[in-house]
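Next come the chains, spelled out residue by residue.
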Amino acid sequence: MGEQHIASTPRVWEAPPPPGRGGRGGNGLARYVIAAALARTADGGAVVAVVLLVTSTGGSGTLAGVLGACITAPHLLGPFVARPLDLARDGRKVIAAACLLYATALTVGVLTYGHVPAVLTGLLLAAAGTCGPLLTGGISSRLPAIVGPQLRTQRRAQGWDVATYGIGGTVGPSLVAALSAGPTPIAAALALAVGAVTAAGGVLLLPFTAQSHGGDKTAILKPGATLSLIIRTGQLRRTAYLTMIVALSVAALPITAVHMTRILGIEPATAAVLTAAYGLGNLTGSVAVMVFPLTGDPDRLMRRLALGVVVGLLTVTASPAFAVSVSAYALTGILNAFFFASTLAARTEYAPSSARSQVFIWVAALKITSGSAGTAMAGSLTGANVRLPLAVGLLAVSAAVVAATVETRFARAAEKRPGLQ
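Just so it is clear, the model here is predicted, and its values are computed rather than measured.

With that out of the way, let us pick up the nonpolar core. Formed by 53 residues in total, the largest nonpolar core has its most connected members in Leu29, Tyr32, Tyr102 and Leu106. Among the elements of the structure, helix H1 (26-56), helix H2 (61-72), helix H3 (78-87), helix H4 (91-112), helix H5 (118-135), helix H7 (143-147), helix H8 (151-181) and helix H9 (185-204) are those that each provide at least two residues to this core. If one sorts the elements of this core by residue count, H1 sits on top with 12 residues. Non-local contacts of leucine 106, meaning those with residues more than four positions away in its chain, are made with Ala46, Ile71, Leu125, Ala128, Ala189, Leu192 and Ala193. Residues Leu253, Ala257, Val397 and Ala404 belong to the second largest nonpolar core, which totals 48 residues.

Written out as structure tokens, the structure is:
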């Protein structure tokens, strides 16, 4: 199969317009950013709220972990809940319904916890978790149609999108921690539910974009066929495995931060400073993408920026002092934000429009699975050596980049052979 190549455009600096002004989809982008940030804040903070709810009421750590997993594990079902988004005439209604169901299931789950069997609470939380992929990758799949076809505009909008993920991953847990310290974890969970309801309203206010299937729903691929498409298509295949390997590698950072406090001679509580530095670095990187949108072929960008993540991990691994470690975590966050933006560009530009939502969510599901594996790997390897998970991660990313580079060169050579044009 031949592969498309998008020509690199010369970089011309221009100040980024505020998201609510200027250009096609300006107001739509502002609404998108607000809705996406609220939805991802709810999704990012819910598991923390559930764990705190269980532990603060005397529940066991095992029960807290199981109920927390009831929210996170169903994200793996994302590819199977994504098809209705591609089938629907108005995808906004599908995402808004998912936000409302998420809020309802989370609210009922936390309010009835302790008054009903734990199995029922788990089912309610699993129902919320099943909606999670539509609050993350599902919303992202709407962005290209909102901002218009111009490549530079799409790349800048992807910077905003990366920022909403960063906000969700930092503000969500922070909000839960703050409210749990004051009122109760229930109040924190209810605040997240209100955010999800507000996000539903914001999604419905997004510009309507007609689906590309033009009423022919038989043209929409099923989940298995979409995964097969990803595997067969070189650019999408590389997008998937580079995303997975980088996710596996950076998932070790929070675990490593806790254990590195011992060898750096600092208090264990200061591990939070390292993870916060990573989060702030991620937000800084997303702002940089807004100001200086990525240019060029996403396939090439992913390989180069994945090597940037390798540099960040290497810096963390070699950090001799706490101050250097803080800077290294922030640097890795910045570089990972750039890499994430390049994967969003790849999903947007290489996925067929009739299966874009499913491609977005398939890659997101694979990323979550790989990140979970990375966390488990880090937990097991830090016992042998604190820096071992980071070393394994940077070697794995380097190997993935080499594989992607070799694969790309073979594909280009095959395109040039007579009879294969």
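Attention shifts here to the pattern of salt bridges. Within the structure shown, the criterion is met by 7 salt bridges. Between aspartate 90 and arginine 92 there is a salt bridge, with the nearest N and O atoms lying 2.9 Å from each other. Of the residues examined, aspartate 90 reaches a relative accessible area of 11% and is grouped as buried. On the basis of relative accessibility, which here comes to 19%, the residue arginine 92 falls in the buried class. Linked through salt bridges whose partners overlap, the residues forming this network are Arg237, Arg238, Asp299, Arg303 and Glu407.

As a further point, take the packing of helix H11 (residues 234-250) against helix H15 (residues 322-350). Put simply, H11 and H15 touch, their axes get as near as 10 Å, and they point 155° apart. When the axes of H11 and H15 are compared, the pair comes out roughly antiparallel. In the crossing of H11 with H15, the sense of the turn from one axis to the other is left-handed. The residues of H15 that touch H11, namely those facing Gln235, Leu236, Thr239, Leu242, Thr243, Val246 and Val250, are Asn336, Phe339, Thr343, Ala346, Arg347 and Tyr350. When the residues that make up the contact of H11 with H15 are grouped by side-chain class, the tally is 7 nonpolar, 5 polar and 1 charged.

Conventions and cut-offs
Residues numbered from 1 in each chain as written. Predicted model: local features only at pLDDT ≥ 70, side-chain atom pairs only at ≥ 80, totals over all residues. Heavy atoms only, no water. Core = buried A, V, L, I, M, F, W, Y, C linked by side-chain atoms within 4.5 Å. Buried < 20%, exposed > 50% of the residue type's maximum accessible area, 1.4 Å probe, protein only. Helix = DSSP H or I, 4+ residues; strand = E, 2+ residues; numbered from the N terminus. Contact = heavy atoms within 4.5 Å. Salt bridge = Lys/Arg side-chain N within 4 Å of Asp/Glu carboxyl O. Axes fitted to C-alpha atoms, helices over the stretch in contact; angles between N-to-C directions. Parallel < 35°, antiparallel > 145°, perpendicular 65-115°, else oblique. Left-handed = near helix turned anticlockwise from the far one by under 90°. Nonpolar A, V, L, I, M, F, W, Y, C, P; charged D, E, K, R; others polar.

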